[in-house]
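Examining the three-dimensional arrangement
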Amino acid sequence: MNNITEAAFLKRYFLVLLGLVLAGCLLAVPYTAWWLRSSGDVAVERAVTTQSKGNFAVFGSGVSQDFVDYKLQLYAKVKPEIAAVGSSRVMQFRGAYFRKPFLNVGGTAGNLPVLRSTIDAMLQIHKPEAVIIGLDFWWFMPQWNADPFKEEPPTSGSYNYGFDSLKKPWTWLLEGKISAKNFIAPLLPQSMGGFRDNRFGTMAQQFDDGFGSDGSWYYTGESTGQKRPFDYQFEDTLKQVRYGTKAFFHAKPLADSRDPGGISSAHLDAFAEIYCRLKARGIATFVFISPLSVRVLEAMREREGDYQHLFRLREALLARGIDAMDFTDPRTFASSDCEFFDGFHGGEVTYARMLRDMADRWPALLGYVNMDRINATLRDWRGYALVPDERLTSRPEVDFMNFNCPKRKP
């Protein structure tokens, strides 16, 4: 009798447990979908609509770090007269420094094949008058990408309510990336910590990190001291240089190269083809080699033989008839480590300096650039990585790398 009672008890126990699990799932799934929609993490279309109307809004999704879907949708709406294209190392060009409609399409190209396919996708939508292309030196050796002529589609994002997306808010909660208050934010008014209407995505909601309406990126959380920099004092980048890992792989000159420094001739050919294709379509094309922080550059100079694909890159491009500005050393245009977010990502002031030098070098760019705005920024915000903007945050920039950088208002 006791065994029967015990069996019945266990049956009821597991039925109740199953009911609770089912009820939990029935509540959790719609709540998670609601959370993602309210936060704006998968609301690419809403973000694009808001930003393309000229309203200041920030899109910083935690669900996906592949931005091409978002950038191409914004590009189709804005139809800019001038655009910046490249990796994350062009994302600090701001629309405020241009006289004509501008869009930053940076963060979309991780190698030469994707640069080509992204530009092709842009041109199928709209032909700009001018393009600024930022080059990463590691694109020009086979260690990074074996076949520079291989057809690769633009990287596609995953902004949807699929299973992986639905898991993320719970994962972030368990990992401490969002707080319990963040998790119930859809239930709260904005004044009490609820989600803001002009912020789209977890990163934008939490730290004001993300893409502004001009497509440029804001590193707000790090620069205002809300979170510790991933590359604190450039330690991660310096480690990559020391051990030759990731983009800072060590490479000896290629024996079959016909170009200076033994740089891959195939990769130089591939970029020359992209460059000539733009020029042939009547698009003014301005090319630069992206900058490094002083600390990282000095570490690379100590191993100069391993980085000929950087130190001879401009010479190799010139030999192909491509006049590129070489911004590798930030000291040549009066920038410093105080204006860098990490070892190889300069900040807004660094990129304003580069834009000024490019316009000085190439008069054709002067018609697009707002030199008065650039000069005012360089006068007032020397040593800053992020120029203050009340639409973004009221928090001041701090010495987030502890490099003893002065962060005072004029």
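Above this text is the structure in question.
Note that the coordinates shown come from a computational prediction; the quantities given were computed from them, not determined experimentally.

Moving on to the overall build of the protein. Along its length, the protein carries 15 helices and 11 strands. With respect to the three principal axes, the spread of C-alpha positions in the protein is 95 × 50 × 45 Å. For the protein, with 410 residues in total, the buried portion stands at 54%. Here the protein has roughly 18400 Å² of accessible surface; of this, 55% comes from carbon and sulfur atoms. Averaging the positions of the 49 positive and the 46 negative side-chain charges in the protein gives two centres separated by 4 Å.

Quick look at the pattern of salt bridges now. Counting across every chain of the model gives 27 salt bridges. For the salt bridge of Asp-306 with Lys-252, the shortest nitrogen-to-oxygen distance reads 2.8 Å. Here Lys-252 lies in the loop between helix H9 (235-243) and helix H10 (265-280) and Asp-306 lies in the loop between helix H11 (294-301) and helix H12 (308-311), a separation of 54 residues in the sequence. Between Arg-356 and Asp-357 there is a salt bridge, with its nearest N and O atoms 3.1 Å apart. We classify Asp-357 as buried; its relative accessible area is 18%. It is possible to trace a salt-bridge network through shared partners that takes in Arg-116, Asp-120, Glu-273 and Arg-277.

What follows deals with the side chain of Glu-397. Its place among the elements puts Glu-397 in the segment after helix H15 (371-380). Within the structure, the side chain of Glu-397 is placed 2.8 Å from the backbone nitrogen of Leu-386, a separation counted as a polar contact. If we skip the residues at most four places from it in the chain, Glu-397 touches Ser-223, Cys-338, Gly-383, Tyr-384, Ala-385, Leu-386 and Lys-407.

Here strand E8 (residues 284-289) lies mainly inside the structure; five of its six residues are buried. Examined bridge by bridge, strand E4 (residues 130-135) and E8 share six bridges and lie parallel to one another. Paired with Val-131 across the strands is Thr-285, a residue of E8. Looking at chain direction, E8 and strand E9 (residues 324-326) are connected through three bridges and run parallel. Residue pairing in the sheet places Ile-289 in a bridge with Asp-326 of E9.

Counting buried positions along strand E3 (residues 102-106) yields five of five residues, so the element is predominantly enclosed. Of the two faces of E3, both are covered, the one formed by Phe-102, Asn-104 and Gly-106 as well as the one formed by Leu-103 and Val-105. Bridge analysis of strand E2 (residues 82-86) against E3 gives five bridges, and the strand direction is parallel. Its bridge partner being in E3, Gly-86 is matched across the sheet by Gly-106.

Turning our attention to the sheet that holds E3. In space, the five strands of this open sheet follow the order E3-E2-E4-E8-E9, with parallel pairing throughout. Bordering the open sheet on either side are E3 and E9, each of which pairs with just one other strand. Between one strand and the next, the sheet's axes are offset by a mean angle of 20°, whatever the strand orientation. As judged from the four bridges shared by E2 and E4, these two strands associate in the parallel manner. In the strand pairing of E4, Ala-84 is matched with Ile-132. Of the strands in this sheet, E2, E3 and E4 touch helix H4 (residues 112-125), which is tilted by about 155° from E2.

Along its 16 residues, H10 runs 22 Å from first to last C-alpha, staying within 8% of the 22 Å computed at 1.5 Å per residue. Of all the residues in H10, the buried ones are Ser-265, His-267, Leu-268, Ala-270, Phe-271, Ala-272, Ile-274, Tyr-275 and Leu-278. Those residues of H10 that are buried are in contact with H4, E4, E8 and helix H13 (313-319). Looking one or two residues past H10, Gly-282 carries a phi angle of roughly 80°, positive in sign.

Here is what the cut-offs are and how they apply
- Residues numbered from 1 in each chain as written.
- Predicted model: local features only at pLDDT ≥ 70, side-chain atom pairs only at ≥ 80, totals over all residues.
- Heavy atoms only, no water.
- Helix = DSSP H or I, 4+ residues; strand = E, 2+ residues; numbered from the N terminus.
- Buried < 20%, exposed > 50% of the residue type's maximum accessible area, 1.4 Å probe, protein only.
- Areas by Shrake-Rupley, 256 points an atom, 1.4 Å probe, with all protein chains shown as cover.
- Lys, Arg positive; Asp, Glu negative; His and termini not counted.
- Charge placed at Lys NZ, Arg CZ, Asp CG, Glu CD.
- Salt bridge = Lys/Arg side-chain N within 4 Å of Asp/Glu carboxyl O.
- Polar contact = N/O pair within 3.5 Å; in protein donor to acceptor, adjacent residues only side chain to side chain.
- Contact = heavy atoms within 4.5 Å.
- Pairing = 2+ DSSP bridges.
- Axes fitted to C-alpha atoms, helices over the stretch in contact; angles between N-to-C directions.
- Expected span 1.5 Å × (residues − 1).

The analysis is restricted to geometry; functional conclusions fall outside its scope.
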